[in-house]
Structure formats: structure tokens, C-alpha cells
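The chain contents come next:
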Amino acid sequence: MSQYSAGAAFRQAVQQESPLQVVGAINANHALLAKRAGFKAIYLSGGGVAAGSLGLPDLGISNLDDVLTDIRRITDVCDLPLLVDADTGFGSSAFNVARTVKSMIKAGAAALHIEDQVGAKRCGHRPGKEIVSKEEMVDRIKAAVDARTDPNFVIMARTDALAVDGLDAALERAVACVEAGADMIFPEAITDLEMYATFAKAVKVPVLANITEFGSTPLFTVDELRSADVGLVLYPLSAFRAMNKAAENVYTALRRDGTQKNVLDTMQTRMELYESINYHDFEQKLDALFAAQKSK
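Procedures and definitions
- Residues numbered from 1 in each chain as written.
- Predicted model: local features only at pLDDT ≥ 70, side-chain atom pairs only at ≥ 80, totals over all residues.
- Heavy atoms only, no water.
- Helix = DSSP H or I, 4+ residues; strand = E, 2+ residues; numbered from the N terminus.
- Rg over C-alpha atoms; globule rule 2.2 N^0.38 Å.
- Buried < 20%, exposed > 50% of the residue type's maximum accessible area, 1.4 Å probe, protein only.
- Contact = heavy atoms within 4.5 Å.
- Lys, Arg positive; Asp, Glu negative; His and termini not counted.
- Charge placed at Lys NZ, Arg CZ, Asp CG, Glu CD.
- Axes fitted to C-alpha atoms, helices over the stretch in contact; angles between N-to-C directions.
- Parallel < 35°, antiparallel > 145°, perpendicular 65-115°, else oblique.
- Left-handed = near helix turned anticlockwise from the far one by under 90°.
- Nonpolar A, V, L, I, M, F, W, Y, C, P; charged D, E, K, R; others polar.

(A) Molecular detail of the overall build of the chain. For the chain, the count of helices and strands is 13 helices and 8 strands. Taking 2.2 N^0.38 as the reference for a compact globule, 296 residues should give roughly 19 Å; the C-alpha atoms of the chain span a radius of gyration of 21 Å, in line with that estimate. Here the C-alpha coordinates of the chain stretch approximately 70 × 55 × 35 Å along the principal axes. When the 296 residues of the chain are sorted by exposure, 47% land in the buried category. Contacts spanning at least 24 positions in sequence make up 69% of the contacts within the chain whose residues lie at least 6 apart. When the 31 positive and 38 negative side-chain charges of the chain are each reduced to one mean point, those points stand 6 Å apart.

Here it is as C-alpha cells:
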């Protein structure tokens, strides 16, 4: 029997759906909801881990173990291939990058993206970003590629150079990363649709468009991105933002009204939750166990 490869499943999804919609799942429950909605791949955001799991800003504060915990929780219950934000590789050397790659494969991830910001990184849509040299970024990609224990695991190179040094510099870095072994390219904070087509033509590997809300990139549609030869469309925190706003509204209503009656229509019902987590399957097994014990 051949061993299952999450990376191979991710590559197949990219080939079958053009462009592949990759939706952010902040936790295992959201991963199951994404699967029920019909998505073929999911994403774990570094900013989401920082804000959602730790309550901290996305400024390089969270570490590899924080991310691995959320990867394992997701991959334990959901078989959709998972793309993971690896920030700058969680360390300053090739050894750190290698450890990150091996650990994420072992935890069940299908792919990661690693970026060219300095260690004290920022959200890709914030001002004041600093990037490392092209040579250092290339070394990060080489270290990641060499560390793969599954040759199908996807190494995606993210460059933040557009906002720092301009389009030509970003293209040059992207091409250099592909030459170093990157399987896919993630140009961050793109401001114009035609830029994606320019990247796709230059790198000749799948290009990811990060369609995050309230950032530098317009909310291009799938059809628009397909016309620009985009291979993957990422929605990193859409459900997370909606979840946060819903929670805030419920807390406000409870405190203001002294009851949740006025916000019930905004809630997932008990039965809807049970369906999404397959609660009844677990309960039936428990009932059968109890029945077997009583019959002894």
C-alpha cells in the first residue's frame, strides 16, 4: 500500500481546480465547516495563530510549537490538505528552517509558505516591513527543499519585496526562489490584477493571490484572478473576522439585554454543531458500548 501524502493531495487540488480556493480555518471546527462547504484545501494563518490562539499581534511573537499545536488539531480531524504560514522559518539559520519543515510534515501539513521578511516580521499588509537580502531568502528556500521528508510536500516562497523595493525586485526574488526549488510563489500585497499575470509569466509555477480583507489587495473575484493566470486564491482570515464580530455582538447583547434571546438568529444551533463534528456517530458508539456492557 502506498503511503498517503498530504503534499500530493495539495498538488492534485491545485491541478484540478483553477484557481484553487484555499480558505483559512482558525481551528479544527472551522476546518470541518470548510470541508462541508466544499473547499478542497484549507489554510492556517500565522496571524490567525497569533491573534486567535494567543491573543497577540502578528509580529513574530508566536513560535513553531504554537503553530504545530494548531496543525495537529486540524489534521487530526480533517483530511483536507493544509497550507501553513511558516513566517520566516521560525529561526535564524538553515537548521531552524529544516526543523520547521520536518515538524510540519510530521504534524500532517501539506504545504508551507516561507517569507523574506526579517525575523521581527510584520503583517504583509502593514507599513514598515523590512526584508532580508535575496541571497538569504534563497538560502531559506534551499534549506526548506533539502529538509523535505516527503518530496511532494509543497514549498511556497512568499516575497514582501513589492511594497519595499518595487515590482522588478519582487519578480527577481520570485524567479530566484523557483530556481532554488520553490514549488509555488506567493507575491504579497499585490495592488493590481495585471501584476499577477506578470508573476505567473515570469516564474512559470502556480502563483497564489492573497485576497485578505481590509488590506492592500483589492478583493478580486475568482474569475478575475483566473484571467490573470493565478493558480491559488487565499482567503486567510475571512471566517475568523466574521466569528470575532459575531462574538463581540453576542457579548454586547448579553451585557446590555441580560438575555441572548435577541441574538439567537445569529448563532449556529446545537444540532448544526453536532452535524459538523459528527457528534451522533460518537454517541452511537458510546451507546453500543454501554449496551454491550449491560448484556454481560
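After that view, the rundown keeps rolling.
(B) Summary view of the packing of helix H5 (residues 94–107) against helix H6 (residues 134–147). Interaxial distance between H5 and H6 falls to 8 Å at its minimum, and their mutual angle equals 45°. On the basis of the axis angle, H5 is oblique to H6. Remark: the crossing between H5 and H6 carries right-handed chirality. Where H5 abuts H6, its residues Ala94, Val97, Ala98, Val101 and Lys102 lie against Arg140, Ala143, Ala144 and Ala147. Taken together, the residues of the contact of H5 with H6 break down into 7 nonpolar, no polar and 2 charged.

(C) Examining the packing of helix H4 (residues 64–77) against H5 more closely. Taken N-terminus to C-terminus, the directions of H4 and H5 make an angle of 20°; their axes are 9 Å apart at the nearest point. Between H4 and H5, the angle is such that the two are roughly parallel. Taken as a pair, H4 and H5 cross one another with a handedness that is right-handed. Judged by residue contacts, Leu64, Asp65, Val67, Leu68, Ile71, Arg72 and Thr75 of H4 engage Arg99, Thr100, Ser103, Met104 and Ala107 from H5.

(D) Representation of unusual backbone geometry in the model. Following Ser18, the chain continues into Pro19 via a peptide bond in cis, with omega recorded as -5°. Of note, Pro19 is situated in the loop between helix H1 (6–16) and strand E1 (20–24). Non-glycine residue Phe214 carries a positive phi angle of around 65°. Positionally, Phe214 belongs in the loop between strand E7 (208–210) and helix H10 (222–227). In this structure Phe214 comes out as exposed when scored by relative accessible area, which is 79%. For Asn278, which is not glycine, the phi torsion reads 55° and is therefore positive. Residue placement: Asn278 occurs in the loop between helix H12 (270–276) and helix H13 (279–294).

These figures capture arrangement, not role.
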